[in-house]
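# Per-entry structural report
Letter by letter, the chains look like this.
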Amino acid sequence: YAYSIAATLLAYLLGSLSFAVIVSKVFGLNDPRSYGSKNPGATNVLRSGNKAAAVATLLLDGLKGWLPVVMVKWFGGDYGLGDGTVAAVGLAAFIGHLYPVFFQFKGGKGVATAAGVLLGISWVLGVATLATFGIVVFFSRYVSLASMAAAVFAPFFYLLGDRAAWNVDKSIVLALVAISALLVYRHRENINKLLKGTESKLGASKKAGK
Ligand code: G3P
């Protein structure tokens, strides 16, 4: 189990790199924890008005979820690591983003990192989930609503996906359900705002200032 524990720990540390904060610093922008939704994530960095910084945040936060998963898939076999460790590193990177050890455990909502994890587990799963996100965000303009909808569908996509449901790895299903539940939990403020009708829509920042 030593390799499995080491890989999981490394994934958590990688996930703990809050790229919204790091990228904003590199770009000379305000700390994303100080404006908008105060969330250290790509959506909130976009509210700074700097699209390149938002895209960089999205890609790097996604990469830190994707990388540990594919590393275990590609090279884990040599160390006796299987699907259980794939599930563990994916969940660990995601939890690192939510509760980062380098940022007083105050992290983001995990959308980009979850997307990276899903793409790493199976690109079909990733693409199906991203398509769900795309459809909901296109019609609603709410990133939070689209994120939650996509997350809720992801475990079902995995079960219905490229592998037969009865043959699917249970640890991966469990990790996906945990990621999904934590992602929705982290959006509870967004849920309240959606219900009140005060949630900010994509592209509204320029007009409303927030
Ligand atoms: O990036 C996470 C997204 O779903 C919501 O972010 O900043 O609008 O709370 P935010």
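Just so it is clear, the structure is predicted and the values come from calculations on it, not from any experiment. (Residues numbered from 1 in each chain as written. Predicted model: local features only at pLDDT ≥ 70, side-chain atom pairs only at ≥ 80, totals over all residues. Heavy atoms only, no water.)

## Quick look at helix H6 (residues 111–121)
Where burial is concerned, most of H6 is hidden: 8 out of the 11 residues are buried. Turning to H6, its buried residues number three or more, namely Ala112, Thr113, Ala114, Gly116, Val117, Leu118, Gly120 and Ile121. Those residues of H6 hidden inside the fold are in contact with helix H4 (51–75), helix H5 (83–98), helix H7 (123–140), helix H8 (143–160) and helix H9 (170–186). (Buried < 20%, exposed > 50% of the residue type's maximum accessible area, 1.4 Å probe, protein only. Helix = DSSP H or I, 4+ residues; strand = E, 2+ residues; numbered from the N terminus. Contact = heavy atoms within 4.5 Å.)

## Let's talk about the nonpolar core
Grouped together as the largest cluster of nonpolar side chains are 29 residues, with contacts concentrated most on Ile121, Tyr158, Ile172 and Leu176. Among the elements of the structure, helix H1 (2–15), H4, H5, H6, H8 and H9 are those that each provide at least two residues to this core. Per-element tally for this core: the top contributor is H5, with 7 residues. Ignoring sequence-local partners within four residues, the contact set of Leu176 consists of Leu118, Ile121, Leu125, Pro155 and Tyr158. The next biggest cluster of nonpolar side chains, apart from the first, holds 7 residues, and it includes Ala20, Val23, Tyr35 and Ala53. (Core = buried A, V, L, I, M, F, W, Y, C linked by side-chain atoms within 4.5 Å.)

## Brief notes about the confidence of the model for the chain
Looking at the chain as a whole, its pLDDT mean stands at 94, while 94% of the residues score no less than 70. Between residues 206–210, whose pLDDT stays under 50, and residues either more than four places distant or in other chains, the model counts 4 contacts. Among the scores for the predicted complex, ipTM is 0.94 and pTM is 0.94. (pLDDT = per-residue confidence, 0-100.)

## Comments concerning the site of the ligand
Contacts to the ligand come from Ser37, Asn39, Thr43, Asn44, Arg47, Lys109, Val111, Val143, Ser144, Ser147, His187 and Asn190. Asn190 is positioned such that a nitrogen or oxygen atom in its side chain is 2.9 Å from an oxygen atom of the ligand. Protein chains bury 95% of the 310 Å² of accessible surface belonging to the ligand in isolation. Of all the secondary structure elements, the ones that give two or more residues to the shell around the ligand are helix H3 (42–46) and H8. With 3 residues, H8 is the single largest residue contributor to the shell around the ligand. Looking at side-chain class alone, the shell around the ligand contains 2 nonpolar, 8 polar and 2 charged residues. (Near = heavy atom within 4 Å. Polar contact = N/O pair within 3.5 Å; in protein donor to acceptor, adjacent residues only side chain to side chain. Areas by Shrake-Rupley, 256 points an atom, 1.4 Å probe, with all protein chains shown as cover. Nonpolar A, V, L, I, M, F, W, Y, C, P; charged D, E, K, R; others polar.)

## Structural notes on the packing of aromatic side chains
For the structure on display, the rule yields 5 aromatic pairs. Pairing Trp66 with Trp74 gives two aromatic rings, centres 5.9 Å apart and planes at 85°, and the pair type is edge-to-face. When its relative accessible area of 29% is taken as the criterion, Trp66 is described as partly exposed. By relative accessible area, Trp74 is classed as exposed at 53%. Aromatic side chains Trp74 and Phe75 sit 6.3 Å apart centroid to centroid with 85° between the ring planes, which places their arrangement in the edge-to-face category. Its relative accessible area of 45% is what places Phe75 among the partly exposed residues. Clustering of aromatic rings is evident, with ring pairs tying together Trp66, Trp74 and Phe75. In this structure, Arg186 packs its charged tip against the face of Tyr99, placed 4.8 Å from the ring centre. (Phe/Tyr/Trp six-rings, centres within 6.5 Å; stacked < 30°, edge-to-face > 60°. Lys NZ or Arg CZ within 6 Å of the ring centre and 35° of its normal.)

## Observations concerning the packing of H6 against H9
The contact between H6 and H9 brings their axes to 11 Å, and the two run at 165°. With respect to H9, the element H6 is oriented roughly antiparallel. Pair H6 / H9 crosses with left-handed handedness. Counted together, Val111, Ala114, Val117, Leu118 and Ile121 of H6 and Ile172, Leu176, Ile179 and Leu183 of H9 form the full contact between these two elements. Of the residues in the contact of H6 with H9, the class split is 9 nonpolar, no polar and no charged. (Axes fitted to C-alpha atoms, helices over the stretch in contact; angles between N-to-C directions. Parallel < 35°, antiparallel > 145°, perpendicular 65-115°, else oblique. Left-handed = near helix turned anticlockwise from the far one by under 90°.)

## Digging into the pattern of salt bridges
In the structure shown here, the tally under the stated rule is 2 salt bridges. Arg33 is the partner of Asp31 in a salt bridge, and the nearest nitrogen-oxygen pair spans 2.6 Å. (Salt bridge = Lys/Arg side-chain N within 4 Å of Asp/Glu carboxyl O.)

## Notes on a nonpolar patch on the surface
Together, Tyr3, Leu60, Leu63, Leu67, Met71, Trp74, Phe75 and Tyr79 line one region of the surface with nonpolar side chains, adding up to about 820 Å² of accessible area. Tallying contributions element by element places H4 first for the nonpolar patch, with 6 residues. One can find Phe75 in helix H4. (Patch = residues over 30% accessible without salt bridge, like charges linked within 9 Å, V, L, I, M, F, W, Y side chains within 5 Å.)

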